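# Structural features, examined
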Number of protein chains: 2
Amino acid sequence: MANEPAPPILLQAVRGGRPPKPPLWLMRQAGRYLPEYRAVRARAGTFLDLCYDPDLAAEVTLQPVRRFGFDAAILFSDILIVPHALGLDVRFVEGEGPQVERVSAGDVARLDRPLDAAKVERVYEAVAAVRTKLPRETPLIGFVGAPWTVATYLAAGHGTADHADARLWAFADPDSFAALIDVLVEASVAHLLGQVAAGADVVQIFDSWAGELPADQFARWCITPLVRIVAAIRHTHPGLPVIVFARGAGSKLQRLAEALPDVTLGLDTAEDAVAVDRTLAKGVPVQGNLDPLALVAGGSALEQAVAHVTTAFAGRPHVFNLGHGIRPETPIAHVEQLVRIVRGG
Amino acid sequence: MANEPAPPILLQAVRGGRPPKPPLWLMRQAGRYLPEYRAVRARAGTFLDLCYDPDLAAEVTLQPVRRFGFDAAILFSDILIVPHALGLDVRFVEGEGPQVERVSAGDVARLDRPLDAAKVERVYEAVAAVRTKLPRETPLIGFVGAPWTVATYLAAGHGTADHADARLWAFADPDSFAALIDVLVEASVAHLLGQVAAGADVVQIFDSWAGELPADQFARWCITPLVRIVAAIRHTHPGLPVIVFARGAGSKLQRLAEALPDVTLGLDTAEDAVAVDRTLAKGVPVQGNLDPLALVAGGSALEQAVAHVTTAFAGRPHVFNLGHGIRPETPIAHVEQLVRIVRGG
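What you are looking at is a predicted structure, and each value in this text was computed from that prediction instead of being measured.

Reading the values: rules and limits
Residues numbered from 1 in each chain as written. Chains lettered and ligands numbered in written order. Predicted model: local features only at pLDDT ≥ 70, side-chain atom pairs only at ≥ 80, totals over all residues. Heavy atoms only, no water. Contact = heavy atoms within 4.5 Å. Buried area = accessible area lost by both parts, 1.4 Å probe. Salt bridge = Lys/Arg side-chain N within 4 Å of Asp/Glu carboxyl O. Polar contact = N/O pair within 3.5 Å; in protein donor to acceptor, adjacent residues only side chain to side chain. Helix = DSSP H or I, 4+ residues; strand = E, 2+ residues; numbered from the N terminus. Buried < 20%, exposed > 50% of the residue type's maximum accessible area, 1.4 Å probe, protein only. Least-squares fit on C-alpha atoms with pLDDT ≥ 70 in both. Pairing = 2+ DSSP bridges. Axes fitted to C-alpha atoms, helices over the stretch in contact; angles between N-to-C directions. Lys, Arg positive; Asp, Glu negative; His and termini not counted. 1 Å grid on protein atoms, 1.4 Å probe; cavity = no way out; pocket = protein on both sides within 12 Å on 5 of 7 lines; lining within 4 Å. Points joined across faces, edges and corners; volume = space filled by probe spheres on them. Nonpolar A, V, L, I, M, F, W, Y, C, P; charged D, E, K, R; others polar.

### Section: the interface of chain B and chain A
With 33 residues of chain B at the contact, the number on the chain A side is 33 residues. Taking both partners together, chain B and chain A bury about 2,700 Å²; carbon and sulfur atoms supply 56% of that area. The largest per-residue losses of area from chain B upon contact with chain A belong to B:Phe171, B:Ser251 and B:Leu293, which jointly make up 21% of the total buried on that side. For the pair chain B and chain A, the number of links is six salt bridges. For B:Arg327, the salt bridge goes to A:Asp162, with nearest N and O atoms at 3.1 Å. The interface formed by chain B and chain A includes 12 residue pairs in polar contact (both at pLDDT 80 or more). Of all the secondary structure elements, the ones that give two or more residues to the side of chain B that touches chain A are α9 (164-172), α11 (215-236), α13 (273-279), α14 (292-297) and α15 (299-312) of chain B.

### Describing helix α9 (residues 164-172) of chain A
All buried positions along α9(A) are accounted for by A:Ala164, A:Ala166, A:Arg167, A:Trp169, A:Ala170 and A:Phe171. In the core, the buried residues of α9(A) are packed alongside α6 (108-111), α8 (147-156), α10 (174-198) and α11 (215-236) of chain A together with α14 and α15 of chain B.

### What about the relation of the copies chain B and chain A?
Mapping chain B onto chain A calls for a rotation angle of 180 degrees and an axial translation of 0.0 Å; the resulting RMSD is 0.0 Å. The two molecules are tied by a two-fold rotation axis, judged by turn and shift. Relative to the rotation axis, the closest C-alpha in chain B is found at B:Gly250, a distance of 2.1 Å. In this assembly the copies share their binding face: 100% of the residues contributing to the interface of chain B also contribute to that of chain A.

### Considering the pattern of salt bridges
Residues and elements named next belong to chain A. Within the structure shown, the criterion is met by 38 salt bridges over all chains. In this structure, the salt-bridge partner of arginine 102 is aspartate 165, at a minimum N-O distance of 3.2 Å. Placement of the pair is arginine 102 in the loop between β3 (97-100) and α6 and aspartate 165 in helix α9, with a sequence separation of 63 residues. Accessibility expressed as a relative area gives 30% for aspartate 165, which makes it partly exposed.

### Looking at the sheet that holds strand β6 (residues 242-246) of chain A
All names here are of chain A. Across the sheet, which stays open at both edges, the seven strands sit in the order β1-β4-β5-β6-β7-β8-β9 with parallel pairing between neighbours. Of all the strands in the sheet, just β1 (73-74) and β9 (318-319) have a single pairing partner and so form its edges. Across two bridges, strand β8 (residues 286-288) lies against β9 in parallel orientation. Bridge assignment links glutamine 287 to a residue of β9, and that residue is valine 319. Here α10 sits on the sheet in contact with β4 (140-145) and β5 (202-207), set at roughly 165 degrees to β4. Packed on one face of the sheet, α11 meets β5 and β6 and runs near 165 degrees to β5.

### Brief notes about the sheet that holds strand β5 (residues 202-207) of chain B
Residues and elements named next belong to chain B. Sheet architecture is open: seven strands sit in the order β1-β4-β5-β6-β7-β8-β9, paired in parallel fashion. Either end of the sheet is taken by a strand with one partner, and the two such strands are β1 (73-74) and β9 (318-319). Note: strand β6 (residues 242-246) against strand β7 (residues 264-267), three bridges, orientation parallel. Opposite valine 244, over in β7, you have leucine 265 as the bridge partner. Set on the sheet, helix α10 (residues 174-198) makes contact with β4 (140-145) and β5; between it and β4 the angle comes to about 165 degrees.

### What to know about the side chain of A:Asp207
Residues and elements named next belong to chain A. For aspartate 207, the position within the fold is in strand β5. Lacking a salt bridge, the buried aspartate 207 has arginine 247 as its closest oppositely charged neighbour, with an N-O distance of 9.3 Å. There is a polar contact of 2.5 Å between the side chain of aspartate 207 and the side chain of threonine 149. Setting aside residues no more than four positions away along its own chain, aspartate 207 makes contact with Ala146, Trp148, Thr149, Cys222, Leu226, Phe245, Ala246 and Arg247.

### Concerning empty space enclosed by the protein
Over the atoms rolls a probe the size of a water molecule, and its path tells where empty space is left. Applying the stated criterion to the full structure yields two cavities of 30 Å³ or more. The volume enclosed by the largest cavity comes to roughly 80 Å³. Around the largest cavity, the lining residues are A:Thr269, A:Glu271, A:Asn289, A:Leu290, A:Asp291, A:Ala305, A:His308, A:Val309, B:Phe171, B:Pro214, B:Ala215 and B:Asp216. Elements with a contribution of two residues or more to the lining of the largest cavity: α15 (299-312) of chain A together with α11 of chain B. With three residues, α15(A) is the single largest residue contributor to the lining of the largest cavity. Approximately 40 Å³ is the volume attributed to the second largest cavity. Every residue lining the second largest cavity is listed: B:Ser77, B:Asp78, B:Ile79, B:Ile81, B:Val82, B:Phe143, B:Val144, B:Gly145 and B:His191. Listing elements by their share of the lining of the second largest cavity, those giving two or more residues are α5 (81-85) and β4 of chain B. When the residues that make up the lining of the second largest cavity are grouped by side-chain class, the tally is five nonpolar, three polar and one charged.

In short, the description is geometric, and any link to function would need to be established separately.
Here it is in C-alpha cells:
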C-alpha cells in the first residue's frame, strides 16, 4: 500500500485534496487555436461528423494533452449531441453558430424517448478510444450541457444572447417547460452514464446560460435539475467526481454551492475570486476563473491574472482553468507560458 | 415647516429613506413598447436626430410618466452622445445596433477635448424642457454611460457580446487604455453637470457591460472611474442622488458597494435579491431586479416575480425597476398590471 502511486492531481483536487501544484486543463483545449486540430477538422466533413467519428474525436481530444501535458483530457464533443440523439435536427453552420430544430410545448412528449444508440454509441467509442491511448495518470472528463442551457437552444432554434425564448416559455407555461426539463434531465443522466461506462473518470455539466436567470428561476430551472442529475449518476457511481459550471452564477453561486455540497464548482471569468473564497465553505473545490483574454494578451498581463486567481484560491482545492473556453486567436506560446507559470517552472 | 410636503418618494428612497410604497420607474420607459413613442420616432429622422431635438426628446421623455404616472422621468437620450460630442462618428442603423468610429491607442490624445457644445446644449435644452413640463413632484433622472461601457463600443467600433476588444486592449496596453478612460471620466462629469445644471434631479451611470470583467479589472476600469465621477459631481452638488447600475456585477457587487457607500445600487435581473440583501450594509438603497421577461409574460408569473423582489428588499430603501430595459414586445396592459401590483391598488 505504501508504494501505491498518489492519484492524479486532478482527482486529488476534485475530491477535496490539495495537491502540491493545482492541476491544469483548459475549457475547449481541443480546438481551433491548435494547428493540429484545424488539420483534422479540415478533413472531417461537418462538425457533427467529427463528433461522431470515434477515431478523429479521440485524436483531437488527445492533441492538447500531448502538446502541453495538461492534467486532464476532456472529450471532444458538443452539448447539442443530446438533443440530436433525441431525434432533433441539429446543424452547425460555419461562422453562424448552431441551428437546432425549434421545440415548443406540443413537441415535448415525442422527445421523451431513449437516446438514439446509433448516435451516442459512437461518442462512447470515442471515450473508450481516448481512455485506451491516454496515459493512465491523466483523467478523462466526460460532459453534458445542463437542461436549462440545452433548453435555451431548443426554445429559440439557435443560440441567443439573452435566452428570451426559454425565459418567456418558463414564465408563461411553466408546466410544459418543466416537462421539457424532465426529458433533458433523464437524457443527461443517460448520456453521462454512457460516458462513464466507456471510461470517463470525471464528468462536467455545463450550464453555460444559467447566468441571466433571476434567483428563483435559477433555483427551479438550474439548481434542481443539476441536483437530480448528480444524484442519479452518484446512485450508480458513488463518489464520482462532478464539476458543475454554471456560467454567470454571480451572487447565486452560494445557493448552488449549498444545494450541491459535494461537487467542484466551475467559476467564470466574472466571478470575484476573493469574494467567492470568502463565501464558500472551506474545502469546497473550485475550478477556473482566468480570463481567456489574459491568455490572448500573454506577458505580464497573464502573469498578473494568474497570480490573482492562484492567490485567491491558495487556501482551497483549485483546478486551474479558464473562466470560459480558450479563444481561437490564442497564441500557442501563451499557453506554454501559462503552463510554465502554473507549474512554477 | 410642518406643512411642507414630503419629498417625492423616489428622492426619499435614493436618500436612504423608506417611503410607504417603493417608487416605480422602468429603464427604457420612453421607448418602442409605447405606440405614442413609435409615432414620434417615425417622424423624427434618425435616432440621433431625435436625441438632439429638444422638443421631441422632451415629448418622448414625458410620455410614459403621463400614461402610467411613474415616480420618475428619465431623459430620452443615449450613452453614445458623449463619444459623439467628443467628435467621433456615431450612427444608429435600424436593426443592427450602433456603429461608432473605432478608436485605438493613437487616437486617444485627440479625444481629450471639451464636449461639442453645439451637440450637448441641445440635450440640456431637452432636460430644461422636460423639467418645465414635468409635475414638480416627479424627479427627472439624467444619465451617462460609464467609461468602461462606452470604451467597449469605441474599442470595437460597435456593440459586442463579449467586449473582447476593450478587454484585450486593457490587458495588452493598460497605459493607453487608462488614458482613454481618463478622457471618458472627464467627459462624463461634464455631461452629468450639464444635465444637472439644466434641471436633472438625480443622475444614473450605466455600466452596462461591466459584468464580464475579472474582479481586479473591474476594480480598475469600473470602480475607480465611477468613484472619480461621483466625487467630481458631488464636489459641485453635494448630496446629489446618484444611481450606479453596473450590470452583471454579481459577486463583485460588494466591492462596488464598499467603494461607493453613498449611492443607490442598480441591480440586474441575474442578481440574487436575497443574497444581495444579506450582503449589503443595512440602509444602502437598491434599484431594480425584476426580469423584463416576467413583464412580457404578465399574469401570475409577473405577480410572483414582483413578490420575490419586493419581499427580498422589504427591509431597505428600494426603487422598483426592471433589471434591464423594458422589451419592445411588452404589452401595455402588463405595465398597467405592474403599476397596480407595486402600488398595491
